[in-house]
Amino acid sequence: MTIVRNLMKPAIWLSLFLVGFGVCNGAFGASYPNRPITLVVPFPPGGPAGVVADIVAPELGERLEQKVIIDNRSGADGIIGSEAVATALPDGYTLLLTTNSHVIHPATYASLPFDTEKAFAPVSLLVASQNILVVNPSLPIDSVEELIAYGKNHPGGLTYASGGLGGPTQMAFEQFRLTAGIKVEQTAYDGGAAALLAVANGEAQVMMAPILAAMPMVRDGRLRALAVTGRHPDPVVPELPTISETLPGFSALSWFGILAPAGTPAAVIARLNTELDRIVHEPQIEKRFAEIGGDAIGGTPSTLASLIHDETVRWRRVAKEAGIHIE
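These figures come from a predicted structure and were not determined experimentally.

Reading guide: rules and limits
Residues numbered from 1 in each chain as written. Predicted model: local features only at pLDDT ≥ 70, side-chain atom pairs only at ≥ 80, totals over all residues. Heavy atoms only, no water. Axes fitted to C-alpha atoms, helices over the stretch in contact; angles between N-to-C directions. Helix = DSSP H or I, 4+ residues; strand = E, 2+ residues; numbered from the N terminus. Parallel < 35°, antiparallel > 145°, perpendicular 65-115°, else oblique. Left-handed = near helix turned anticlockwise from the far one by under 90°. Contact = heavy atoms within 4.5 Å. Nonpolar A, V, L, I, M, F, W, Y, C, P; charged D, E, K, R; others polar. Salt bridge = Lys/Arg side-chain N within 4 Å of Asp/Glu carboxyl O. Buried < 20%, exposed > 50% of the residue type's maximum accessible area, 1.4 Å probe, protein only. Phe/Tyr/Trp six-rings, centres within 6.5 Å; stacked < 30°, edge-to-face > 60°. Lys NZ or Arg CZ within 6 Å of the ring centre and 35° of its normal.

Attention now goes to the packing of helix α7 (residues 168-180) against helix α12 (residues 301-322). The interhelical angle for the contact between α7 and α12, taken along N-to-C directions, is 55°, at an axis separation of 10 Å. Between α7 and α12, the angle is such that the two are oblique. Our pair here, α7 against α12, has a crossing hand that is left-handed. Contacts between α7 and α12 involve M171, Q175 and L178 on the former and, on the latter, R314, W315, V318, A319, E321 and A322. Counted by class, the contact of α7 with α12 contains six nonpolar, one polar and two charged residues.

This part covers the pattern of salt bridges. Under the criterion given, the structure shown has 10 salt bridges. With a shortest N-O distance of 3.5 Å, E311 and R314 are connected by a salt bridge. Of this pair, E311 and R314 both sit in helix α12, three residues apart, which is roughly one turn of that helix. Note on E311: relative accessible area 12%, which makes it buried. Taken together, the salt bridges that share partners define one network made up of R63, R271, E275, R278 and E282.

Turning next to the packing of aromatic side chains. Counted by the stated rule, this structure contains five aromatic pairs. Consider the rings of F114 and F120, whose centres lie 5.4 Å apart with planes at 85°: the pair is edge-to-face. In this pair, the class of F114 matches that of F120, namely buried. Ring pairing ties together the aromatic residues Y160, F173, F176 and F250, which thus form one cluster. Its guanidinium or amino end placed over the ring of Y93, R35 lies 3.6 Å from that ring's centre, counting from NZ or CZ. Just above the ring of W315 sits the side chain of R314; from NZ or CZ to the centre is 4.4 Å.

Structure below.
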């Protein structure tokens, strides 16, 4: 009877639960993975997130000895695909390749089908890159100063392309537009690849795009690059100035990371983080990212968690100033 009475004490039940959880969690991590993993990219193929996924997924699959399947679930500037991961089983077999759009949505949308910070478990930051200001080659503009002058002399005469309402390409250009004091109309497309193609085809005239997605079209002459959006020139296009040289203090960067559903076992998160951090710092992977304007970052899950928190606060301020609000 003494044993029964002791087992009924809450403290002992809690201890037994924690011990059991630790054993199960450790065992789960040791056997993980034993089947293919799905990496949800919440944008159409060909955009910047797709470029990163195409580089990382095969390497991760090789290290885990399981296939990593890229699943493009586009719509609502990444919200549809993100929701699919937020509601997936937290077993490490469904992951999300997220971008800085993830931290912009809470600032621009009246409501979301998930909590940006609580619905996901950060796994690893992968890569960061500058954006690049590009125009259609037919536009008689070769610099940021000329673009601003053209915008002021032709109010409403320019259209900028974005990869989706309330997304990073819209927010980056709106930040530029407000700082420059010009009026430019927006046309939103389903993803960054479609938006870049629209500028190249002349449906829109200008765009603020992730450099790793835009550079192939700049190199083949379909787009003209004016400047980069970081505080320093980019090694990929060292000849280009920064926007901050014309508009002091301006900065707008893109980043890409991996999230899992909240509740994913810590051992699984640790395994994924270890492999992803190693992958992005492999010399050949760093080189591939550098060739398209990306800087390998990596780091612990807490690195990504801190970035998500800080960026969410930052973009709330920008959205309020720009008056961007999506129902």
